[in-house]
Amino acid sequence: MALASKDLLGIQGMTADEIGLILDTASSFKDVSERDIKKVPSLRGKTVINLFYEASTRTRTSFELAGKRLSADVLNIATSTSSVAKGETLLDTARNIEAMKCDILILRHFCSGAPEFLASRLTSSIINGGDGFHEHPTQALLDMYTIREKRGRIEGLTVTIVGDIAHSRVARSNIYGLNTMGAEIRICGPATMMPRDIERLGAKKYHDMDQAVEGADVIMMLRLQLERQATGLFPGVREYARLYGLSRERLSRAKQDALVMHPGPINRGVEISSDVADGTSVILDQVTNGVAVRMAVMFLLSGGAKGD
Ligand code: CP
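Residues numbered from 1 in each chain as written. Predicted model: local features only at pLDDT ≥ 70, side-chain atom pairs only at ≥ 80, totals over all residues. Heavy atoms only, no water.

A. Looking closely at the packing of aromatic side chains. Counted by the stated rule, this structure contains 3 aromatic pairs. Their ring planes at 75° and their centres at 6.4 Å tell us that Y53 and F110 sit as a pair that is edge-to-face. With Y53 in the loop between β1 (47-52) and α2 (58-69) and F110 in the loop between β3 (104-109) and α4 (114-119), this residue pair connects regions lying 57 residues apart in the sequence. (Phe/Tyr/Trp six-rings, centres within 6.5 Å; stacked < 30°, edge-to-face > 60°. Helix = DSSP H or I, 4+ residues; strand = E, 2+ residues; numbered from the N terminus.)

So this is what it looks like as structure tokens:
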């Protein structure tokens, strides 16, 4: 089985079989990162370019490592030191990159829809590395991979997503994916950070965090995205932490072995306390799994057929 599209633009519209294929392929790549020689020849001769218009540590680095571990040639373009700084448009920048024979272009952009815009105009595979408030598909895939790895399944689990849902592309991609994979999804946050029609996507809305985490199998905390918010969405960071922060006491309301997740970067003491983040959370497992998932995505978009 192969992926239906040349691109990975979002989780919306993906089938359970396609998501399962990516997660299974990631499983087969996971041990490559544990070896002394962390390399397989699967993408030898291919060129991968990271084009990031926003800051990133995890996504950019793990795509770079994933490409290198698959033996691709990988380049990173920092927009601040590229001709983007001279006013070159996104399409012109991407067309010039493609003219140098790039096979896979990973785009992070502050505008929702930017990866789709390029995908319909270029022949290279476009992977969405996070676009505006829209989607962050590889984050949701690595989150689903981590849940499945730790719990053996996704179907039937109760997953509570807490925080700034309205500004979160991570939440949106996870709601699409977890719903497709049969989880029960609860979303929780202040009314000012909750899209009005979010329940139509298949998630139950809560404003009381104690109720939202009660009996949950997985708690996924979101970063308070101060850089994307209009002012005045909540009275203050301290109040937000009191109402929507994950403390050890609040965590005790969830299932005893509940998974605590966060896409990173974390605001310590705001959406998650340090003792929870550094204690039983699986935050760094998510990061580890991000490399295998991104290897799987690039491999499958390049045609698949594993022979290593
Ligand atoms: N989770 C995530 O997207 O992190 P970065 O912004 O560091 O890539």
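B. Region of the structure containing the site of the ligand. In the neighbourhood of the ligand, the contacting residues comprise S56, T57, R58, T59, R108, H136, Q139, P263 and G264. Between the ligand and H136, the relevant distance is 2.9 Å, taken from an oxygen atom to a side-chain nitrogen or oxygen of the residue. Relative to its free-state accessible area of 260 Å², the ligand is covered by the protein chains to the extent of 91%. Class assignment of the residues belonging to the shell around the ligand gives a composition of 1 nonpolar, 6 polar and 2 charged. (Near = heavy atom within 4 Å. Polar contact = N/O pair within 3.5 Å; in protein donor to acceptor, adjacent residues only side chain to side chain. Areas by Shrake-Rupley, 256 points an atom, 1.4 Å probe, with all protein chains shown as cover. Nonpolar A, V, L, I, M, F, W, Y, C, P; charged D, E, K, R; others polar.)

C. Spotlight on the nonpolar core. By size, the foremost hydrophobic cluster in this structure holds 62 residues, and its most contacted members are L141, I161, L178 and M298. Ranked by residues supplied to this core, first place goes to helix α11 (residues 283-301) with 10 residues. The residues touching M298, leaving out its near neighbours within four places in the chain, are L43, V48, F63, A66, G67, L70, I104, I106 and I127. Judged by nonpolar contacts, the second largest core, of 25 residues, contains M221, Y240, A277 and I283. (Core = buried A, V, L, I, M, F, W, Y, C linked by side-chain atoms within 4.5 Å. Buried < 20%, exposed > 50% of the residue type's maximum accessible area, 1.4 Å probe, protein only. Contact = heavy atoms within 4.5 Å.)

D. Local environment of the sheet that holds strand β2 (residues 73-78). Pairing in this open sheet of 4 strands is parallel, and the strands run β2-β1-β3-β4 from one edge to the other. Each of the sheet's edge strands pairs with one partner strand only, and the pair in question is β2 and β4 (125-131). Looking at each pair of strands side by side, their axes are set apart by 15° on average, direction ignored. Pairing between β1 and β2: 6 bridges, direction parallel. Paired with I49 across the two strands is L75, which belongs to β2. (Pairing = 2+ DSSP bridges. Axes fitted to C-alpha atoms, helices over the stretch in contact; angles between N-to-C directions.)

E. Structural context of the sheet that holds strand β8 (residues 218-221). Strand order in this open sheet of 5 strands is β7-β6-β5-β8-β9, and the pairing throughout is parallel. Each end of this open sheet is capped by a strand with a single partner; those strands are β7 (204-206) and β9 (259-261). For this sheet, the mean angle separating the axes of adjacent strands, direction not counted, is 20°. One ladder, built from 4 bridges, connects strand β5 (residues 158-162) with β8; its direction is parallel. In the sheet register, V162 faces β8, and the bridge partner there is M221.

F. Fine view of the pairing of strand β6 (residues 184-188). Among the 5 residues of β6, 4 are classified as buried, and the element is accordingly described as predominantly covered. In terms of strand pairing, β5 meets β6 through 5 bridges, oriented parallel. By the bridge assignment, I161 is partnered in β6 with I187. In terms of handedness, the path from β5 via helix α6 (residues 169-180) over to β6 forms a crossover that is right-handed. Summarising the sheet, β6 and β7 pair through 3 bridges and their orientation is parallel. When the sheet's bridge partners are listed, I187 is paired in β7 with K205. (Right-handed = clockwise from strand over helix to strand, strands pointing away.)

G. Quick peek at the environment of N267. Here N267 is to be found in the loop between β9 and α10 (274-278). A residue is classified by how much of its surface remains accessible, and N267, at 22% relative accessible area, is partly exposed. Residues N267 and L300 lie 33 residues apart in sequence; the distance between their C-alpha atoms is 34 Å. Apart from the residues within four sequence positions on either side, N267 is in contact with R223, L224 and I272. Within the structure, the side chain of N267 is placed 3.3 Å from the backbone oxygen of L224, a separation counted as a polar contact.

These figures capture arrangement, not role.
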